[in-house]
Amino acid sequence: MTPPVLQAEQLSRHYRVRRGLFAEPATVQALADVSFDVYAGRTLAIVGESGCGKSTLARLLTMIEPPTAGTLRVDAQPVPAVVAALPPQLRRAVQIVFQNPYGALNPRQTVGAALTEPLRVHHESDARGREDAARRMLRQVGLRDEHYDRYPHMFSGGQRQRIAIARALMLRPRALVLDEPVSALDVSIRAQVLNLLTDLQQSLGVAYVFISHDLSVVRHVADEVAVMYLGRIVEQAPRDALFDAPQHPYTQALLSATPTVDRAARRQRTVLRGELPSPLNPPTGCAFHTRCPVALPRCAQERPALAGTHRVACWLRQA
Ligand code: SF4
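In what follows, the accompanying structure is described. Worth saying up front: this structure is predicted, and the values here are computed from it rather than measured.

**Let's talk about the nonpolar core**
Among the nonpolar cores identified, the biggest contains 35 residues, and Leu-115, Ile-165 and Leu-176 are the most heavily contacted of them. At the level of secondary structure, the elements contributing two or more residues to this core comprise helix H4 (111-121), helix H5 (127-140), helix H6 (157-169), strand E7 (175-179), helix H7 (187-204), strand E8 (207-212) and helix H8 (215-221). Beyond its immediate chain neighbours, meaning those up to four positions away, Leu-115 contacts Ala-134, Leu-138, Ile-163, Ala-166, Arg-167 and Met-170.

What follows is the structure in structure tokens.
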């Protein structure tokens, strides 16, 4: 069987932070024991509130920083712990598309220069070959040849995101991390960019890790969904299983807060109590117990493991 393109095995990341001149440094557990596989041509969506560890996970998957513990494999090859020691084929294997395409593009660089730059940095082809590859990629993302010499400010938000996607694909990566790729776009053009991503995945076979807080978008693109809370995956399942029968109370609350035209569904809305706790001082036991509407006494003492084929970390599902 073909190995997964991306394999995360118990990835954890913590940071030491100072809380004052004389205070002892504290530890922020930004990510804990995150495991999953993502295969070629498939999409794993990562969902959760802001502060749940999605951005830390994106930095680890794109090898911008190493995990504190655990292993990341790309095509079965372990990623070295020292970022400076990354071999070139690993550096190019996973690329990222950010939420804000305007911030991700250099305003003084033409589209052609932005697209050919990754090839030049990786010493690929000559100038003519790089230009040909960039023009081909422009057409593949739905832009035209004449856009090659234009600057980012001359494009709409949707076109700029197409350029950012094109640049991320120039090195023919094995996986793309898509960090809220449509949330900064007008609602009217989100579907176009999502359809483009689907078409590109089908033609190139690239694996996607799609990070989003928007469950309606996730439902549109994901094959599998992992729900994160305070740095841990609390539920993971194929898309339809998760949307049709969510098992974890946090997932149920997130889904019930998604706008719907179904009146019955609106009546059953679960409102979460309180704010997301600080990762500097996470709750004991199940980290969700301070907000869980169905918490048991043991939830504050013991943390449930992520268990089952429809993976859920909740004592109610493991009783
Ligand atoms: Fe709620 Fe307890 Fe399940 Fe955590 S383990 S989600 S607190 S019922």
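What follows picks up the thread again.
**Considerations on the sheet that holds strand E2 (residues 26-38)**
The strand order E2-E1-E4-E5 describes an open sheet built from four strands, whose pairing is antiparallel. The strands lining the two open edges of the sheet, one partner per strand, are E2 and strand E5 (77-78). Two elements, strand E1 (residues 6-17) and strand E4 (residues 69-74), share five bridges in a ladder whose sense is antiparallel. Looking across to E4, one finds that Glu-9 is bridged to Thr-71.

**What about the site of the ligand?**
Near the ligand you find 13 residues, and of these Cys-286, Cys-292, Cys-299, Cys-314 and Trp-315 are the closest. Split into classes, the residues belonging to the shell around the ligand amount to eleven nonpolar, two polar and no charged.

**Some words on the pairing of strand E10 (residues 232-238)**
Along E10, five of the seven residues are buried, which leaves the element largely enclosed by surrounding structure. Two successive antiparallel strands, strand E9 (residues 224-229) and E10, enclose a turn made up of two residues, where Leu-230 displays a positive phi of approximately 45°. Both E10 and strand E11 (residues 311-312) contribute to a ladder of two bridges, which runs antiparallel. Its bridge partner being in E11, Glu-235 is matched across the sheet by Val-312.

**Here we look at the packing of aromatic side chains**
Using the criterion set out here, one finds three aromatic pairs in the structure. Aromatic side chains Tyr-229 and Tyr-250 sit 4.7 Å apart centroid to centroid with 65° between the ring planes, which places their arrangement in the edge-to-face category. Residue Tyr-229 is located in strand E9, and its partner Tyr-250 is located in helix H10 (residues 249-256); the two are separated by 21 residues in the primary sequence. Comparing Tyr-229 with Tyr-250 shows no difference in burial state: the two are buried. One aromatic cluster is present, formed by Tyr-229, Tyr-250 and Phe-288 through successive ring pairs. Between Arg-135 and the ring centre of Tyr-148, over which it is positioned, the NZ or CZ distance is 4.1 Å. Over the ring of Trp-315 we find Arg-298, and its NZ or CZ is 3.6 Å from the ring centre.

About the criteria used
- Per-chain numbering applies: the sequence of each chain, read as written, is numbered from 1 onward.
- Side-chain atom pairs in this predicted model are given and counted only at pLDDT of 80 or more, local residue features only at pLDDT of at least 70, and totals for whole chains, interfaces and linings cover all residues.
- Hydrogens and water molecules were not included; the side-chain quantities draw on all heavy atoms of the structure.
- By nonpolar core is meant a set of buried Ala, Val, Leu, Ile, Met, Phe, Trp, Tyr and Cys residues that side-chain atoms within 4.5 Å join together.
- Here the term buried applies to any residue with accessible area under 20% of the maximum for its type, exposed to any over 50%, and partly exposed to those in between, with areas from a 1.4 Å probe on protein chains only.
- Helix numbers and strand numbers start at the N terminus; a helix is a DSSP run of H or I with at least 4 residues, a strand a run of E with at least 2.
- In this analysis, two residues are considered to be in contact whenever any of their non-hydrogen atoms come within 4.5 Å of each other.
- DSSP bridges decide pairing: two strands pair if at least two such bridges lie between them.
- Consider each residue's heavy atoms; a residue with any of them within 4 Å of a molecule or strand counts as near.
- Classification convention: Asp, Glu, Lys, Arg as charged; Ala, Val, Leu, Ile, Met, Phe, Trp, Tyr, Cys, Pro as nonpolar; all other residues, Gly among them, as polar.
- Stacked, edge-to-face and tilted are the three classes for Phe, Tyr and Trp ring pairs, Trp counted by its six-membered ring, which pair at centre distances within 6.5 Å; planes under 30 degrees apart are stacked, over 60 edge-to-face, the rest tilted.
- A positively charged side chain is recorded as over a ring if its NZ (Lys) or CZ (Arg) lies within 6 Å of the ring centre. The angle to the ring normal must also be within 35 degrees.

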